[in-house]
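These are the residues of each chain, in order.
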Amino acid sequence: MRLSRAEYKEIVRCAEKMKPTRQCVKMLKETFPNHSQSTLLSIFSLEYQKRTKRTIHRHHAPDVIESHYQRYLSEAKARPTAPVLLELANEVDLSPALMARIILDRFLQDLEGGVSSKPVLNSMLKEPSLIPDQTLANNIYQCTINDCCYGPLVDCIKHAIGQEHEVLLCDKLKERNLSFLDENQLRTMGYDKTPDIILEVPIAVEGHIVHWIESKASFGDDHSHRTYLDEQFWSYWNRFGPGLVIYWYGFIGELDCQRDRGILLKDCFPTDIVTLCHGTRQD
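Fair warning: this is a prediction, and the values are worked out from it, not measured in the lab. (Residues numbered from 1 in each chain as written. Predicted model: local features only at pLDDT ≥ 70, side-chain atom pairs only at ≥ 80, totals over all residues. Heavy atoms only, no water.)

Novice: Mind showing me how you'd approach the nonpolar core here?
Specialist: Across soluble globular proteins, nonpolar side chains show a tendency to be buried alongside one another. Core analysis: the largest hydrophobic core is formed by 65 residues, its most contacted members being F44 and L104. For this core, the element with the most residues is helix α6 (residues 96-112), which contributes nine residues. Aside from chain neighbours lying at most four places away, what touches F44 is A15, M18, K19, P20, C24, L28, R51, C148 and C149. By size, the runner-up hydrophobic cluster in this structure holds 18 residues, among which are L178, I197, I213 and I273. (Core = buried A, V, L, I, M, F, W, Y, C linked by side-chain atoms within 4.5 Å. Buried < 20%, exposed > 50% of the residue type's maximum accessible area, 1.4 Å probe, protein only. Helix = DSSP H or I, 4+ residues; strand = E, 2+ residues; numbered from the N terminus. Contact = heavy atoms within 4.5 Å.)

Structure below.
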C-alpha cells in the first residue's frame with residue numbers, strides 16, 4: 001500500500017498514544033479500516049522502536065533497574081497470579097519484552113552471584129519454563145506473548161514472515177519463467193553483500209531497467225528507507241546496476257524519488273514486466 005506522507009503522519013499521530021500490546025493493532029484497524037493490519041502493525045512497530053531508542057537509557061540506570069525489580073518482587077508477593085510485570089511495563093511505558101529482560105537479568109544476578117550469563121538469559125527468555133522461579137516464569141511469559149514489537153516471539157515471527165515473502169518473490173519469478181539467482185546461490189559464488197534476487201537477464205518495469213530485486217516484509221518509512229539506501233541499496237546499485245525494492249507492507253509514496261537514479265519502489269510484485277531479451281511484455 002502506497003501512502004502519502006500526510007496519511008502516514010495521521011497513522012503515526014494515533015500510534016504515538018498507544019502501548020505495544022496486541023490490542024493496539026485492533027484499535028488502529030478500527031481507526032483506519034482501509035489499511036491492512038500488516039501495514040498498520042509495521043508502521044506501529046517502526047514508530048515504537050524509535051520511541052524506545054530515545055528513552056531506553058532511562059530504564060537501564062542501576063537505580064531504576066533496582067526500583068523496577070523491588071517493585072516487581074513486592075507486587076508478585078502480594079498478587080502471585082496477576083501479570084504484575086506486564087502491568088509495570090505498561091505503567092512506565094516500556095516494552096513488556098524489554099522489561100522482562102531487565103527483570104530476569106536482575107534475578108539471575110542474585111541467583112548466580114554476579115553478572116548474568118547472556119546465553120542463559122536469552123535461553124530463559126525464549127523458554128520461560130527454564131526459569132527456576134515459577135511466578136517469574138509466568139510473568140516473563142505474559143510479557144513475551146503480549147508484546148507486538150520486541151522479544152523472542154516477535155523475532156521469530158518477523159523472520160518467518162521475511163522468509164515467506166522471499167519464497168513468494170521466487171515463486172512469482174518462476175511463474176513468469178524469469179531466470180534468477182537467489183541470495184543463497186550468490187553467497188556460494190563468493191558474494192558477501194547481495195540483494196535477495198539477481199536477474200540473469202534484466203527486465204523493464206514501468207520503463208525502468210531492473211537487474212536485482214530486494215524483498216522487504218515491512219513498511220518503508222523515512223528512517224528505515226534512508227538506512228537501507230545507505231547500507232544496502234546504493235551498494236547493490238554500484239555493484240549490479242539499477243534495481244527494484246518491494247516493500248510488501250507499503251511505503252511513503254514520496255520516497256519513490258530515485259527512479260531516474262536506478263532504484264524503483266513497489267508495494268507488490270510488478271504485473272507489467274518487459275523481458276529485455278525478446279522485448280516482449282508479460283502481463
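Novice: I tried to follow the pairing of strand β4 (residues 208-216) on my own but got confused; where do I start?
Specialist: Within a regular beta strand, the side chains point alternately toward one face of the sheet and then the other, so they alternate between its two faces. Across the nine residues of β4, seven count as buried, placing the element largely inside the fold. Pairing geometry for strand β3 (residues 197-205) and β4, over five bridges, is antiparallel. Bridging from a neighbouring strand, V205 pairs with H208 of β4. The loop that links β3 with its antiparallel partner β4 comprises two residues; one of these, E206, has a positive phi angle of about 55°. One ladder, built from five bridges, connects β4 with strand β5 (residues 243-247); its direction is parallel. (Pairing = 2+ DSSP bridges.)

Novice: Explain the pairing of β3 here, please?
Specialist: In this structure, strand β2 (residues 180-182) lies alongside β3, joined through three bridges in antiparallel fashion. When the bridges of β3 are listed, L181 appears paired with I198. Judged from the three bridges that link them, β3 and strand β8 (residues 273-275) form a sheet pairing that is antiparallel. Along β8, the bridge assignment pairs A204 with V274.

Novice: Please explain the environment of E91 as it appears in this structure.
Specialist: On the secondary structure map, E91 appears in helix α5 (residues 84-91). Given the relative accessible area of 52%, E91 is considered exposed. Linking E91 and R13, residues 78 residues apart in sequence, is a C-alpha distance of 20 Å. A distance of 2.7 Å separates polar atoms of two side chains, one belonging to E91 and the other to R71. (Polar contact = N/O pair within 3.5 Å; in protein donor to acceptor, adjacent residues only side chain to side chain.)

Novice: Just to check I follow, could you spell out the side chain of H35 for this structure?
Specialist: Considering the arrangement of structural elements, one finds H35 in the loop between α2 (22-31) and α3 (37-59). Aside from chain neighbours lying at most four places away, what touches H35 is M1, L3, E7, I11, K29 and L40.

Novice: Help me out: how do you make sense of the packing of helix α4 (residues 62-78) against α6 in this one?
Specialist: Packed helices, taken two at a time, are described by the angle their axes make and the gap between the axes. Between α4 and α6, the least distance of the axes is 10 Å, while the angle of their chain directions is 85°. The orientation of α4 with respect to α6, classified from their angle, is roughly perpendicular. Of the residues in α6, those in contact with I65, E66, H68, Y69, Q70 and Y72 of α4 are M99, I102, I103, R106, F107 and D110. Tallied by class, residues from the contact of α4 with α6 come to seven nonpolar, two polar and three charged. (Axes fitted to C-alpha atoms, helices over the stretch in contact; angles between N-to-C directions. Parallel < 35°, antiparallel > 145°, perpendicular 65-115°, else oblique. Nonpolar A, V, L, I, M, F, W, Y, C, P; charged D, E, K, R; others polar.)

That's the geometry; what it means functionally is another story.
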